[in-house]
Amino acid sequence: DVIVSNPPYLTDAEWESAQAEVKAWEPKGALTAPDEGFADIAQIIRAALDFLTPGGELWLEMGIAHGERIRELAERLAYVEVSIYKDHYQRERFARLKMG
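Because the structure is predicted, anything quoted here is derived from the model rather than measured. (Residues numbered from 1 in each chain as written. Predicted model: local features only at pLDDT ≥ 70, side-chain atom pairs only at ≥ 80, totals over all residues. Heavy atoms only, no water.)

**Re the layout of surface pockets**
What the largest pocket holds in volume is close to 330 Å³. Forming the walls of the largest pocket are 13 residues, and the residues nearest its centre are Tyr 9, Leu 10, Ala 18, Val 22 and Leu 31. Among the residues forming the lining of the largest pocket, the class breakdown is eight nonpolar, three polar and two charged. (1 Å grid on protein atoms, 1.4 Å probe; cavity = no way out; pocket = protein on both sides within 12 Å on 5 of 7 lines; lining within 4 Å. Points joined across faces, edges and corners; volume = space filled by probe spheres on them. Nonpolar A, V, L, I, M, F, W, Y, C, P; charged D, E, K, R; others polar.)

Shown next, in the form of structure tokens:
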């Protein structure tokens, strides 16, 4: 099984500095999350445990500063593998977490 998510992950400061067209078309609540943009990501990582089968994967888009927090949370929750991938600007942007 695979779960794919593009959750809100921007901080309020990142929202404030976003391009005008982003603000015009996307509601703030669709892009920002509490806890420096990490709250929804953490909730999804925890909740996915109830749905993924052994060997299943969770794929997330994430904020560029969330990689280490994702790794730490995934290790505490007993995911067996965490991979972080960079976007075309070479910023950490995607995470893959694998169940045991």
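What follows picks up the thread again.
**A look at the pattern of salt bridges**
If you walk through the whole model with that rule in mind, you get eight salt bridges. Notably, a salt bridge pairs Glu 92 with Arg 71, separated by 3.7 Å at the nearest N-O pair. Of this pair, Glu 92 sits in strand E4 (residues 92-98) while Arg 71 sits in helix H5 (residues 67-76), and the two are 21 residues apart along the sequence. Put simply, Asp 87 and Arg 93 hold a salt bridge, and the shortest N to O gap is 3.4 Å. Like Asp 87, the residue Arg 93 is buried in the burial classification. What emerges from the salt-bridge pattern is a single network uniting Glu 57, Glu 81 and Arg 96. (Salt bridge = Lys/Arg side-chain N within 4 Å of Asp/Glu carboxyl O. Helix = DSSP H or I, 4+ residues; strand = E, 2+ residues; numbered from the N terminus. Buried < 20%, exposed > 50% of the residue type's maximum accessible area, 1.4 Å probe, protein only.)

**Topic: the sheet that holds E4**
The sheet built from four strands is open, its strands ordered E1-E2-E4-E3 with mixed pairing. Only two strands of the sheet have a single neighbouring strand rather than two, namely strand E1 (2-5) and strand E3 (81-86). Strand-to-strand, the axes of this sheet are offset by a mean angle of 15°, without reference to chain direction. Across five bridges, the pairing between strand E2 (residues 57-61) and E4 is antiparallel. Pairing of Leu 60 across the sheet is with Ala 95, part of E4. Lying over the sheet, helix H4 (residues 39-48) contacts E1, E2 and E4, oriented at roughly 170° with respect to E2. (Pairing = 2+ DSSP bridges. Axes fitted to C-alpha atoms, helices over the stretch in contact; angles between N-to-C directions. Contact = heavy atoms within 4.5 Å.)

**Description of the pairing of E4**
Strand direction decides the pairing type here: E3 and E4, joined by six bridges, are antiparallel. By the bridge assignment for E4, Glu 81 is matched with Lys 98. Turn length for the E3-E4 hairpin, with the two strands adjacent in sequence and antiparallel, is five residues, and the turn residue Gln 90 shows positive phi of about 65°.

**A look at the nonpolar core**
Ranked by internal contacts, the top residues of the largest apolar core, which has 19 residues, are Ile 41, Ile 45, Leu 58, Ile 70, Tyr 79 and Leu 97. Every element with two or more residues in this core is listed here: H4, E2, H5 and E4. Ranked by the residues each element gives to this core, the list is headed by H4, at four residues. Apart from residues lying up to four places away in sequence, Tyr 79 is in contact with Ile 45, Ala 48, Leu 49, Leu 52, Leu 58, Ala 74, Leu 97, Lys 98 and Met 99. (Core = buried A, V, L, I, M, F, W, Y, C linked by side-chain atoms within 4.5 Å.)

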